[in-house]
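# Observations on chain architecture
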Amino acid sequence: MSNPSSSSISDLGITATNPSILCSLLPHEHHGPTIPAESPIDASQIAQVHLASPENTSQVLDKLPTAFKQWRQVPAPVRGQLIRRFSEQLRHHQQALAALITLEVGKIHSEALGEVQEMIDICEFALGLSRQLHGLTIATERPNHRLMEQWHPLGPVAIITAFNFPVAVWAWNATLALICGNPIIWKPSHKAPLCAVACHNLLEQCIQNTPQAPPALSSVIIGRNDVGKQLASHPTCPLVSATGSVAMGRDVGTTVASRFGRSLLELGGNNAMIVTEHANLDLALRAILFSAVGTAGQRCTTLRRLILHPSIATSLCNKLTKVYTTLNIGDPRDASTLVGPLIDAPAVASHHAAIQQALAEGGELLTPHSCDSVYPEGGHYVAPTILKMPPRSPIMQQETFSPILYITTYSDLGDAISQQNDVPQGLASSIFTNQLQEAEYFLSPAGSDCGIANVNIGTSGAEIGGAFGGEKETGGGRESGSDAWKNYMRRTTNTINFGADMPLAQGVTFDT
C-alpha cells in the first residue's frame, strides 16, 4: 500500500494487491485485471484490486446451494450468535474501519465512525430478531383444524452496494439474511472495494469460530457491471438486493423479474423539506445544514429541495447562506473539516453541469459555487451550493449526487406538498412546523408520498429500527428494521386437520 492513512488498515486484511473473489472454499487467487483503489482525498493509490470475470463469479455461485442447505438447518438463535461475534469484531475494529472508510470514500471521521456504529446497531437488532422470527396462527372456519403460517429461509442472497455507504447498507442486508438462514454474496461498488475486503475478513473470522457455520457462507466478488448483471440473472439467488442509481435498479429489477426472482431496490432520492411559517427556524436551520451538506451531499437521503413559506423565505435564506460561508471544506482526516470530497472526477463534473443547467433555467446563485479553500492536490472537492429556483424547474426532477440545494417557495400547504411529490423519486421528506394540523396532514394519505416522512427533523440520519426505503423510482424496497426481515424468507401457509372428518372450505361438499 502506497499511502495508508494508518497502520491499522493492514490489521483489516488489506494488502497491496487484493483478490477479486473472497470465498472460503476457493483460493484467494489474483484473478483478472487490476484497478487502483484511489482515495478521493488526494487521488493517491491506497492499494490495488483484481476484477472478477464471469467464470470466477460462477465458481462462487456454485458453492452457495450447499452452504444454504446446511445453514438453513441451524436454529435461528444459534445463527444469531454468529452476528453477536461479528458485532464484537466491529467494536474492536471500529476506529480502523472508520479510517478506511474515510480514506476510500472521503467521509469525515465522525460520519465514518457513525457508519460503523450503524453496522453495530443492526447487529444488535438482528441478534434480538433471531429469537423472534415468528409466524401466525389464524382462525379457521373448519372444526378440529389449525391454520397457520411459517417463515422459512429463502436461499442465497446477492447484495449489490454503492460507494456512498460502503459498509452499512451491506450490513443491513447481510445480518438479516444470515439470521434468516441464508448465505450471502456481495458485489461492492468498484469505487469502494477495500471496505468490502475488510468487512468480509472480519466476518469470516467469526464464521470460522462458529462451528455450525458452513464454508462459503459469505463471499465477495469484486467487479464491474458485468458481475452485477450475472448475479441478477443467476437462478441460484432468489433475492437480489441492489442499492444504486435508478438506471442500475431498472436493469436489475427487470432481469430478476424475468426469472421470477425477488429484488429489493434502494435507488434515487431527490428529497425535499417543507418549512412553514409556523416552524422553529433555528431548529430547521440545523436540520437543513446537515441534511444538505453531510457526506458532501452524497447520501441517498440528502436534502436537495427546500420548499419555503414566502413569509420566512428571505430570513431563512439569509441565515443559511451565512452558515454556508463558515463550512470547512477539505481533507476529511482533519477534525475541523465538515465537508469532504466527492467520490471522483465525474461526480465533480456532474456537480458543475447541474449548476449551469439550473442557471439556464432561471436559477439564482445564493452562494459561490467555488471558493478559495486550499484542498489536497488531486482531490475531488466542490463548494456546497444554494440556488433559488422557479418552482418545478426541470433540473429539480433529477438527483445530482453532490451538495446542491434548490430553494423554492409555495402558496399554501397543498401547493408545498404537490411540489414535494412532483418528482419521479420518493425516498425521504420532512416538514418543519409547530402546528399539529400541518404535521398531521403531511403524514396523512394526502400528504407526503415518500417512504420516509419526518416532522421537525431532517431527511438524513435514519435509525436502523425503522424500515428504510421509498416509493416510485426509489424502488419500493424496505431494508433494516421493522419487518424488513421478511424479504429474506419465504412464507408457507399450513393447514392441519387433527379431527376424524374431512370438511372442505367454503361449504363445498364432494361426497362419493
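From a predicted model like this one, the values you see are computed outputs, not experimental measurements. (Residues numbered from 1 in each chain as written. Predicted model: local features only at pLDDT ≥ 70, side-chain atom pairs only at ≥ 80, totals over all residues. Heavy atoms only, no water.)

### Quick look at the overall build of the chain
Filter applied, for reference: Strands here are runs of E lasting at least two residues and helices are runs of H or I lasting at least four, both read from the DSSP assignment and numbered beginning at the N terminus. Summary of the burial criterion: residues with accessible area below 20% of their type's maximum are buried, those above 50% are exposed, and those between are partly exposed, where the area comes from a 1.4 Å probe applied to protein chains only. In this description, contact between two residues means that some pair of their heavy atoms is separated by no more than 4.5 Å. To be clear on the numbers: accessible area is Shrake-Rupley with a 1.4 Å probe, and residue cover counts the displayed protein chains and nothing else.
When helices and strands are tallied, the chain shows 14 helices and 23 strands. Dimensions along the principal axes, computed over C-alpha positions, put the chain at roughly 80 × 60 × 40 Å. A buried classification covers 56% of the 512 residues belonging to the chain. Long-range pairs, those at least 24 residues apart, make up 74% of the contacts in the chain with a sequence separation of at least 6. When the accessible surface of the chain is totalled, it reaches about 20,300 Å², and 52% of it is carbon and sulfur.

### Digging into helix H12 (residues 345-360)
Applicable threshold: Here a helix's expected span is defined as the number of its residues, less one, multiplied by 1.5 Å. Summarising the geometry, the arc corresponds to the directions from the helix axis toward the C-beta atoms.
Given a rise of 1.5 Å per residue, 16 residues ought to cover 22 Å, and the 23 Å separating the end C-alpha atoms of H12 matches this to within 8%. What H12 keeps buried is the set Ala347, Val348, His351, Ala354, Ile355 and Ala358. For H12, the arc enclosing every buried residue in end-on projection is 125°, short of the 170-degree limit, so these residues lie on one face. The outward face of H12, more than 90 degrees from its buried face, is lined by the exposed residues Pro346 and Ala360. Residues of H12 that are buried in the fold lie against strand E14 (364-365), strand E15 (385-388) and strand E16 (404-409).

### Remarks on the state of the cysteines
Here is the rule we go by: Two cysteine sulfur atoms make up a disulfide if the distance between them is within 2.5 Å.
In the structure shown here, the tally under the stated rule is zero disulfides. With no disulfide partner, Cys199 has as its closest neighbouring cysteine sulfur the one in Cys195, 6.6 Å distant. Between Cys237, a cysteine without a disulfide, and Cys23, which holds the nearest cysteine sulfur, the sulfur-to-sulfur distance is 12 Å.

### With respect to the sheet that holds E14
The following threshold applies: Paired strands, as defined in this entry, are two strands with at least two bridges between them according to DSSP. To get an axis, fit a line to the C-alpha atoms, keeping to the stretch in contact for a helix; angles then go from 0 to 180 degrees between the N-to-C directions.
With respect to topology, seven strands assemble into an open sheet ordered E14-E15-E16-E13-E12-E18-E19, the strand pairing being mixed. Each of the sheet's edge strands pairs with one partner strand only, and the pair in question is E14 and strand E19 (452-455). Note: strand E12 (residues 271-275) against strand E13 (residues 303-308), five bridges, orientation parallel. Along E13, the bridge assignment pairs Ile274 with Ile307. Contacts from helix H10 (residues 281-293) reach E12, E13, E16 and strand E18 (428-432) within the one sheet, and its direction differs from that of E12 by about 170°. Lying on the sheet, helix H14 (residues 436-443) is in contact with E12, E18 and E19; it crosses E19 at an angle near 175°.

### Quick look at the UniProt feature "active site" (unreviewed entry) in the chain
Spelled out, the test is: UniProt positions are given in the numbering used here, feature names are shortened, and annotations may be inferred rather than shown by experiment.
The UniProt record marks Glu266 with the feature "active site" (unreviewed entry), using the residue numbering of this structure. Structurally, the position occupied by Glu266 is in strand E11 (residues 262-266). With relative accessibility at 5%, the residue Glu266 sits in the buried group. Setting aside anything within four residues of it in sequence, one finds Glu266 in contact with Ala242, Thr243, Gly244, Phe468, Gly469, Gly470, Thr474, Gly477, Arg478 and Glu479.

### Considering the pattern of salt bridges
So the rule is basically this: For this document, the term salt bridge refers to a Lys or Arg side-chain nitrogen within 4 Å of an Asp or Glu carboxyl oxygen.
For the coordinates displayed, the defined rule picks out 15 salt bridges. Close ionic contact of Asp331 with Arg333 constitutes a salt bridge, the shortest N to O distance being 2.9 Å. Here the salt bridges do not stand alone but share partners, grouping Arg392, Asp415 and Asp422 into one network.

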